[in-house]
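Summary of the model geometry
Take a look at the letters that make up each chain.
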Amino acid sequence: MFLSTRGRVLLNVEALNMTESVGNYVKHRRVPVILPDAGYTTLFVPAISGESIAHGFQTVLAEIAKKNGLPVCKLCEKGIFLKSTNNNVFREAFGKEPSGNLEEDVIKGCVVEDIGGFLYAEEANVKRTSSFFTGYMIPAKEALENAVIEPQLHSRYALGTPFVRKEEQGEGRGQMIYYVELSSAVYTFNFDFDSRFVGKTTFSYENAGKEVVNDRKKRIEAALETFRRFILEFCFGAKKTRFMPVIEWESLVLAVSDDVWTVPSPFAKNYIEKTRKKLEKIKENTKLFVYPDGGSLEEVVVNAIEEAKKRI
Ligand SMILES: [Zn+2]
């Protein structure tokens, strides 16, 4: 089963992906993007990284897998995604030494690493590619030139208290004023999930594709439930305690297929039309779920997930 999702979401006043702070100034992530006008202009625009989205997805996956009685390692269950980086991390996460087949150990012991992949970077490297795929959210084509980043001043000074007495200022007493860069734009969103290798080894060519768990179906169901919550509750991005953006999905397309079939890029406005045209030519028993044409966001996502579950 292959689930492909593309969408456009209007995010007003967001600080979902910050890069560095220079003194009291916190910067929003920026990336170069080509605007395909007459001269292919390069613009530096606000963006939200795929790593940030993947972190959010795996945090929800760890919770749902645990709730459904599936194994999650000691680190991933706390949202620490070191993911079997080396021998020390492996021992801490699983409470044992790796056996002769490290990939099999990790798959059996942790659904997050089974689905989200890992890289064991000891003298003999072992890598597992993630079963889900995502990337940078960037402003949609028509919004590229109008996407803004603006620093906002904040202060938590408590004037009139002894903590900010004049003679003590400049000595680091009291709290500094600070700036946070906020952005507003219509962002593109991409996310694919391929259930093919869930619960199966992939690394060594002798054993590639061998099923090593007896709860593969439950694991895929957990990934789908994760996706549903992740989209509907917008479970990604940073600084949401005080910079929760105003979120409005403009459109979302989900395609459920028996094999790889991806929805075209949402960068251009006519992507839904392009998706339907693609479906006329190429099918992998593909069924489309389109918001807003196919109902409310909740209806569309829930129906797509139900269809995906039927195909496991
Ligand atoms: Zn883990």
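Parameters at a glance
Every chain is numbered on its own, with residues counted from 1 as its sequence reads. For this predicted model, a pLDDT threshold of at least 70 governs which residues receive local features, and a threshold of 80 or more governs which side-chain atom pairs are given and counted, while totals over whole chains, interfaces and linings are taken from all residues. Just so you know, side-chain values use all the structure's heavy atoms and leave hydrogens and water out. With water omitted from the atoms examined, metal sites may look incomplete; donors here are N, O and S atoms no farther than 2.8 Å from the metal, or 3.2 Å in the case of Na, K and Ca. In these descriptions, tetrahedral denotes four donors with every angle between 85 and 135 degrees, square planar four donors and octahedral six donors with opposite donors over 155 degrees apart and the rest between 65 and 115, and irregular any other case. Every helix listed is a DSSP run of H or I at least four residues long, and every strand listed is a run of E at least two residues long, numbered separately from the N terminus. Burial classes: relative accessible area under 20% of the type maximum marks a residue as buried, over 50% as exposed, and values in between as partly exposed (1.4 Å probe, protein chains only). Boundaries of every domain are those given by an automatic assignment or by a domain database. Any two residues having at least one pair of non-hydrogen atoms within 4.5 Å are treated as being in contact. Note: buried area is the sum, over both parts, of the accessible area (probe 1.4 Å) each one loses when the two are combined. Salt bridges are counted wherever a side-chain nitrogen of Lys or Arg sits within 4 Å of a carboxyl oxygen of Asp or Glu. Polar contact is the term for a pair of N or O atoms within 3.5 Å; when the atoms are in protein, one must be able to donate a hydrogen and the other to accept it, and sequence-neighboring residues count only if both atoms are side-chain atoms. Throughout this entry, Asp, Glu, Lys and Arg are counted as charged residues, while Ala, Val, Leu, Ile, Met, Phe, Trp, Tyr, Cys and Pro are counted as nonpolar. The remaining residues, Gly among them, count as polar.

Attention now moves to the coordination of the zinc ion. For a metal bound by four donors in tetrahedral geometry, the ideal donor-metal-donor angle is 109.5 degrees, whereas six donors in octahedral geometry ideally sit at 90 or 180 degrees. Taken together, C73 (SG), C76 (SG), C110 (SG) and E113 (OE) make up the full set of protein donors to the zinc ion, lying 1.9 to 2.4 Å away. Each of the four donor atoms bound to the zinc ion contributes to angles spanning 104 to 116°, and the resulting shape is tetrahedral. Written as a sequence motif, the donor residues of the zinc ion are C-x2-C-x33-C-x2-E. Here C76, found in the loop between helix 1 (50-67) and helix 2 (87-94), pairs with C110, found in the loop between helix 3 (102-109) and helix 4 (111-116); they are 34 residues apart in sequence, far enough to count as distant. When its relative accessible area of 1% is taken as the criterion, C76 is described as buried. On the basis of relative accessible area, C110 is assigned to the buried category, the value being 0%.

Split by domain assignment, the protein resolves into domain 1 (2-147 + 182-310) and domain 2 (150-181). Relative to domain 2, the C-alpha centre of domain 1 lies at a distance of 39 Å. On the domain 2 side, the residues contacting the 13 residues of domain 1 number ten residues. Among the residues of domain 1 in contact with domain 2, N24, Y25 and L182 are the three that bury the most area, contributing 64% of the side total. Note that R30 and E181 form a salt bridge whose closest N and O atoms lie 2.9 Å from each other. Connecting domain 1 to domain 2 are nine residue pairs in polar contact (both at pLDDT 80 or more). Ranked by the residues each element gives to the side of domain 1 that touches domain 2, the list is headed by strand 3 (residues 25-28), at four residues. Its residues assigned to classes, the side of domain 1 that touches domain 2 comprises six nonpolar, three polar and four charged.

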